[in-house]
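Listed here are the chains, written in short residue letters.
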Amino acid sequence: MFKLEMHLHVAETSPCAKTDEKTIAGIYSEAGYDGIVYTSHYNSFLSEYYFPGDVKKYNENFLSHFETLKAECAKRGVKVFFGMEAMPDMTSYYEETPDKAEFLIYGATPDFMLHSPERIFKMTVEELHDFCKKNGWILSQAHPFRTMISYHHPEFLDAAEVINDNPRQQNNNDLAIKYAKENNLIQTAGSDFHEPQDARAGVLLKNAVNSEKELVSELKKRVHEPFAF
């Protein structure tokens, strides 16, 4: 089994994330994880929050924290895979929009950050799904039944997060599991790590993976097991 964290945020990529890369590496090594997917928040609000008017610097910062996390975890024998928790403007909870949602992208590689990744800010969810599909990625809705989340259109999803173990949110995971099963969606799971005590969930893969592409392939087999403890 390959113990994988699928939802993790790093300090200085979002104001709500409180833990640096070196600390994260120690926590996940001691907890027996084999891998982590880096899924820091990626949206236009945070771009303006951190680097007003300079999305290039925002992208560079996002990538830099991934590289630092990967290097720190390598010292501990923990693999790190690239990803993001994307929020298009049309589902932003910072805007007056009818639908609220965030989406976990699996399969994208770091070089995506060098090719105008901010284009996804202006996409509809359908367009984002088509974009992910074209690139061989998986689009999973994060915490689909969390309080204030209102977007429920499974036809534009590949997967849904059935366990979000963030202890500071009301996630209604029972509804998420039902939703994924009823709509034949791949089940993903993660701690939604922001603070040192948050390493509590993820998936157990049948086989070890060594790249983002291998991770997508393994998830599509649907033989992994979501867990929380």
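For the structure given in this document, a descriptive report is provided here. These numbers were taken from a predicted model, which means no experiment stands behind them.

1. Topic: the packing of aromatic side chains
Then step 1. By the definition in use, this model includes 22 aromatic pairs.
Then step 2. Taking 6.2 Å as the distance between ring centres and 40 degrees as the angle between the ring planes, the aromatic pair formed by Tyr33 and Phe227 counts as tilted. Pair noted here: Tyr33 is in the loop between helix H1 (21-30) and strand S2 (35-38) and Phe227 is in strand S10 (residues 225-228), with a separation of 194 residues, a long-range link.
Then step 3. Judged by its relative accessible area of 3%, Tyr33 falls in the buried class.
Then step 4. Ring geometry for Phe112 against Phe131: centres 6.0 Å apart, planes inclined by 45 degrees, an arrangement best described as tilted. Here the residue Phe112 occupies a position in the loop between strand S5 (103-106) and helix H4 (125-135), and Phe131 occupies one in helix H4, the gap between them amounting to 19 residues.

2. Observations concerning the environment of Glu212
Then step 1. Locating Glu212 in the fold gives a position in helix H6 (residues 212-221).
Then step 2. When its relative accessible area of 11% is taken as the criterion, Glu212 is described as buried.
Then step 3. Put simply, Glu212 and Val37 are 175 residues apart on the chain and 9.0 Å apart in space, counted from C-alpha to C-alpha.
Then step 4. Contacts of Glu212, omitting those with residues within four sequence positions, involve Phe66, Phe81, Phe82, Gly107, Ala108, Thr109 and Pro110.
Then step 5. In this structure the side chain of Glu212 is engaged in a polar contact, spanning 2.8 Å, whose partner is the backbone nitrogen of Phe82.

3. What about the packing of H1 against helix H3 (residues 55-74)?
A pair of packed helices can be characterised by two numbers: the angle between their axes and the separation between those axes.
Then step 1. Running from N to C, H1 and H3 cross one another at 40 degrees; their axes reach a closest spacing of 8 Å. By the angle between their axes, H1 is oblique relative to H3. Note on packing geometry: the crossing formed by H1 with H3 is right-handed. In this structure, H1 contributes Glu21, Lys22, Ile24 and Ala25 to the contact, and H3 contributes His65, Thr68, Leu69, Glu72 and Cys73.
Then step 2. Among the residues making up the contact of H1 with H3, the classes are represented as four nonpolar, two polar and three charged.

4. Digging into the nonpolar core
Then step 1. Judged by nonpolar contacts, the single largest core of 67 residues is most densely connected at Leu4, Tyr28, Leu69, Phe82, Met84, Ile105 and Ile120.
Then step 2. By residue number, the principal contributor to this core is H3, which donates six residues.
Then step 3. Here Ile105 is in contact with Gly83, Met84, Ala86, Leu128, Cys132, Trp137, Ile138 and Leu139, once residues within four sequence places are set aside.

5. So, a nonpolar patch on the surface
Then step 1. On the surface, Phe45, Tyr49 and Tyr94 cluster together into a nonpolar patch covering about 310 Å² of accessible area.
Then step 2. For Tyr94, the position within the fold is in the loop between strand S4 (79-86) and S5.

6. Things to note about unusual backbone geometry
Then step 1. The phi dihedral of Asn172 falls on the positive side, at around 50 degrees, and the residue is not glycine.
Then step 2. As for its position among the elements, Asn172 is in the loop between strand S7 (159-164) and helix H5 (173-182).
Then step 3. Residue Asn172 is classed as partly exposed on the basis of its relative accessible area, which comes to 25%.
Then step 4. Residues other than glycine seldom take positive phi values, yet Asn184 does so here, at roughly 55 degrees.
Then step 5. With respect to the helices, strands and loops of the structure, Asn184 is situated in the loop between H5 and strand S8 (186-190).

What counts, and where the lines are drawn
- Residues numbered from 1 in each chain as written.
- Predicted model: local features only at pLDDT ≥ 70, side-chain atom pairs only at ≥ 80, totals over all residues.
- Heavy atoms only, no water.
- Phe/Tyr/Trp six-rings, centres within 6.5 Å; stacked < 30°, edge-to-face > 60°.
- Helix = DSSP H or I, 4+ residues; strand = E, 2+ residues; numbered from the N terminus.
- Buried < 20%, exposed > 50% of the residue type's maximum accessible area, 1.4 Å probe, protein only.
- Contact = heavy atoms within 4.5 Å.
- Polar contact = N/O pair within 3.5 Å; in protein donor to acceptor, adjacent residues only side chain to side chain.
- Axes fitted to C-alpha atoms, helices over the stretch in contact; angles between N-to-C directions.
- Parallel < 35°, antiparallel > 145°, perpendicular 65-115°, else oblique.
- Left-handed = near helix turned anticlockwise from the far one by under 90°.
- Nonpolar A, V, L, I, M, F, W, Y, C, P; charged D, E, K, R; others polar.
- Core = buried A, V, L, I, M, F, W, Y, C linked by side-chain atoms within 4.5 Å.
- Patch = residues over 30% accessible without salt bridge, like charges linked within 9 Å, V, L, I, M, F, W, Y side chains within 5 Å.
- Areas by Shrake-Rupley, 256 points an atom, 1.4 Å probe, with all protein chains shown as cover.
- Salt bridge = Lys/Arg side-chain N within 4 Å of Asp/Glu carboxyl O.

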